[in-house]
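# Examining the three-dimensional arrangement
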Amino acid sequence: METYAARGAAIKTTGHYRRPGTRELYCGRLAGGRNSIFAAVRGWRLCKRCVRAEARDRAEAEAVAAQWRTEAVPAEPVSPLAASSPWQAHRPEQLTLDGVPCPPEQGALFAA
């Protein structure tokens, strides 16, 4: 998530989160320029008030989204490649090399 400095800050080593759709930070100050590039600088920190308020807003938004969700959310995303074995070709094109069919073990070696 992008962080911002407070407007007029001399030292931009404190990151703040901006309220969506406004120029105001969660801690009540006006937002200045983006300052996430300073994250590697010694002394970098995040404003505690902004972090707590942003986490609270995110939790509220997720709760509202869960109420309005119509389809069931799968517990774990299922990949179509996860069900097949690693030695099994996924496309018929992978089994042929120069028009000669190859065993599945060799097809997996040449798979893209």
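Procedures and definitions
Residues numbered from 1 in each chain as written. Predicted model: local features only at pLDDT ≥ 70, side-chain atom pairs only at ≥ 80, totals over all residues. Heavy atoms only, no water. Core = buried A, V, L, I, M, F, W, Y, C linked by side-chain atoms within 4.5 Å. Buried < 20%, exposed > 50% of the residue type's maximum accessible area, 1.4 Å probe, protein only. Contact = heavy atoms within 4.5 Å. Helix = DSSP H or I, 4+ residues; strand = E, 2+ residues; numbered from the N terminus. Polar contact = N/O pair within 3.5 Å; in protein donor to acceptor, adjacent residues only side chain to side chain. Disulfide = S-S within 2.5 Å.

Take the nonpolar core next. Within the largest apolar cluster, 10 residues are counted, these being Y4, A6, Y17, L25, Y26, C27, A31, C47, C50 and A53. Those residues in contact with Y4 that lie beyond four places of it in its chain are T14, G15, H16, R18, L25, G32, G33, R34 and N35.

Turning our eyes to something else, we now look at the side chain of E54. Relative to the elements of secondary structure, E54 occurs in helix α1 (residues 48-68). When its relative accessible area of 10% is taken as the criterion, E54 is described as buried. Of note is the side chain of E54, whose polar atom sits 2.6 Å from the side chain of R58.

It is worth spelling out the state of the cysteines at this point. All chains considered together, the criterion is met by zero disulfides. Free of any disulfide, C27 has its nearest cysteine sulfur in C50, 3.6 Å distant. Free of any disulfide, C47 has its nearest neighbouring cysteine sulfur in C50, separated by 3.8 Å. The buried category is assigned to C47, whose relative accessible area is 13%.

This part takes up the side chain of N35. Inspection of the secondary structure puts N35 in the loop between β3 (31-34) and β4 (45-46). A polar contact of 3.0 Å, which involves the side chain of N35, links it to the backbone oxygen of T14. Other than its neighbours up to four places away in sequence, N35 contacts T3, Y4, A5, K12, T14, G15 and W44.

All right, on to the environment of R58 then. Take R58: it is sitting in helix α1. We classify R58 as partly exposed; its relative accessible area is 42%.

By themselves, these are just geometric observations and shouldn't be taken as functional.
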